[in-house]
Amino acid sequence: MSERGRTTRDQDGLEGHIPSAAVTGMVTGVVSEETATAAAVAAPVPPPEARRSVGLLVTLVLGGLTAVPPLSIDMYLPALPEVTDALHASAATVQLTLTACLAGMALGQLVVGPMSDKWGRRRPLVVGLLLYVVATAVCAFAPTIELLVAFRLLQGLAGAAGIVIARAVVRDLYDGVDMARFFSTLMLISGVAPIIAPLIGGQVLRITDWRGVFYILTVIGIVLTAVVWRMLPETLAPEHRHSGGTVEALRTMRGLLADRVFTGYMLTGGFAFAALFAYISASPFVIQEIYGASPQTYSILFGVNSIGLVAVGQINGKILVGRVSLDKVLAVGLGIITTASAALLLMASGVFGKVGLVPIAVGLFVLMSAMTLCMPNTNALALMRTRHAAGSASALLGTSSFLVGALATPLVGIAGEHTAVPMAVVQLACSLVAVGCFVGLCRPWRRQADAKGAES
């Protein structure tokens, strides 16, 4: 790790790691990127050219894995009103297909994360991707909304493997500021998915029905499975794996949750994600049903928002990380999404009179763009506190985000399809809770003061 990375990390007061599954106390220590990589791969060091090549391949594969959630969710969004008509279901019932997928991704990570700590990263990942392909193919032929909800749940359970293992692999290979930068790089790669997914979904609806979306997702799953099988190396050496079963996995997670700061970052990221997912689940109805936009216009607006997400993510990774404390960047991001949520609520409730699509779209753009000041940094700040249980830690981070998001989804449609107020209320409430968790549990100013006191 660079000297600047060490300095920034010291300033953040995040030197501690959880050294084993059974130990919850924190010890001081900084592990360099070179040491972490060598220990994780446990293989002879290849020449620099080969390391760069393998690093690029791993980056692309991890980017593809982190793209699974936006592909599974965002490509399907323009079709929600059509599914409502085709399967003769209410908007709230159709939104359960999103809730089921999110809940599956949340619960699946609790299983796959500890499995990857025990058996390595590759085997659980390949099995999960194969199940994802099967579940997605069945969704394409679902004759009823009940069956679609059931297999969207299975699709989420299987797709969780890609999410949790991608983060665990990053933790195997990187540490500190370098890890935060890599997460921002993944945002650039995986950020392409939410840009093109609704655009593809909107165009698919021009030539076929909503089932065509799942046909395409099935093909994507097959391709990704083949790429992972051929190109992703094992990053967790056998001597670093956990031999215990369910009891040890639960003990590991209990130890992680006992760390107040880790739990604070976990909840901060989870509720920030819930504010984002309130937008994802409600926007098809808000933009198309309330403001009269076509599926294609909605897809374009969603793509523009995703471009903002990627652009701000690169500002975070290339400019801010390493120069500004991660906690300060996170605080700014939380402030922006809270302000944007409050503005959306005021507009939706008619405080400014009747507003058109453009002001609402601008508010959603600001909210979604600021998410990349929050999500990568909460992941990095939380994972900095653990190395030997990266899979379990990644599972807890992912589960909290998707579970809170799944719980928020039905709330945005509670008042029907003709008002955007519930969406804005849920966004503002989740943003305020995220701020409360950051201030009340993470307490970054206190850790920085303690670090300065220790230096003096």
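It should be noted that the structure appears before, not after, this text.
No experiment lies behind these values; they were computed from the predicted model shown. (Residues numbered from 1 in each chain as written. Predicted model: local features only at pLDDT ≥ 70, side-chain atom pairs only at ≥ 80, totals over all residues. Heavy atoms only, no water.)

Novice: Before we go on, may I ask you to explain helix H7 (residues 122-140) in this structure?
Specialist: The first and last C-alpha atoms of H7 sit 28 Å apart over 19 residues, in line with the 27 Å expected at 1.5 Å per residue. Among all positions of H7, only Pro124, Leu125, Val126, Gly128, Leu129, Tyr132, Val133, Ala135, Thr136, Cys139 and Ala140 are buried. (Helix = DSSP H or I, 4+ residues; strand = E, 2+ residues; numbered from the N terminus. Expected span 1.5 Å × (residues − 1). Buried < 20%, exposed > 50% of the residue type's maximum accessible area, 1.4 Å probe, protein only.)

Novice: Explain the environment of Leu107 to me, please; I cannot follow it from the model alone.
Specialist: Relative to the assigned elements, Leu107 resides in helix H6 (residues 91-119). Residue classification places Leu107 among the partly exposed positions, given a relative accessible area of 44%. As for Leu107 and Gly156, which are separated by 49 residues in sequence, their C-alpha atoms are 8.6 Å apart.

Novice: Explain the nonpolar core to me, please; I cannot follow it from the model alone.
Specialist: Nonpolar side chains tend toward joint burial in soluble globular proteins. Of all hydrophobic cores here, the largest spans 124 residues; its most connected members are Leu62, Leu65, Tyr76, Val83, Leu148 and Val228. For this core, the element with the highest residue contribution is helix H13 (residues 260-290), accounting for 17 residues. (Core = buried A, V, L, I, M, F, W, Y, C linked by side-chain atoms within 4.5 Å.)

Novice: So what exactly am I meant to see when it comes to the packing of aromatic side chains here?
Specialist: When we look at a pair of aromatic rings, we describe it by the centre distance and by the angle of the planes. Here the structure, examined in full by the defined rule, presents three aromatic pairs. With a centroid separation of 6.1 Å and an interplanar angle of 25°, the aromatic rings of Phe273 and Phe277 are classed as stacked. Of this pair, Phe273 and Phe277 both sit in helix H13, four residues apart, roughly one helical turn. Pair check on accessibility: Phe273 and Phe277 agree, each one buried. In this structure, Arg122 is placed above the aromatic ring of Trp229, and the distance from its NZ or CZ to the ring centre is 5.6 Å. (Phe/Tyr/Trp six-rings, centres within 6.5 Å; stacked < 30°, edge-to-face > 60°. Lys NZ or Arg CZ within 6 Å of the ring centre and 35° of its normal.)

Novice: Help me understand the pattern of salt bridges, please; the structure alone is not making it clear to me.
Specialist: A side chain with one charge can pair with a side chain of the opposite charge if their charged atoms come near. Going through the model one piece at a time under the given rule, you end up with one salt bridge. A salt bridge links Asp117 to Arg121, with the nearest nitrogen and oxygen atoms 3.1 Å apart. Here Asp117 and Arg121 have matching classes, each one buried. (Salt bridge = Lys/Arg side-chain N within 4 Å of Asp/Glu carboxyl O.)

Novice: When you look at unusual backbone geometry in this model, what are you seeing that I'm missing?
Specialist: Trans is the common state for peptide bonds, and a negative phi is the common state for residues other than glycine. A positive phi is found at His88, a non-glycine position, where the angle reads about 55°. When its relative accessible area of 75% is taken as the criterion, His88 is described as exposed. A positive phi angle is found at Arg443, which is not glycine, with a value near 45°. Its place among the elements puts Arg443 in the loop between helix H19 (421-442) and helix H20 (444-455).

Novice: In this structure, what is going on with a nonpolar patch on the surface? I would like to understand it.
Specialist: A contiguous nonpolar surface patch, about 710 Å² in accessible area, is contributed by Leu199, Ile300, Val304, Val332, Ile336, Val358, Val362, Phe365 and Val366. Elements supplying a minimum of two residues to the nonpolar patch: helix H14 (295-320), helix H15 (326-348) and helix H16 (357-370). By residue number, the principal contributor to the nonpolar patch is H16, which donates four residues. (Patch = residues over 30% accessible without salt bridge, like charges linked within 9 Å, V, L, I, M, F, W, Y side chains within 5 Å. Areas by Shrake-Rupley, 256 points an atom, 1.4 Å probe, with all protein chains shown as cover.)

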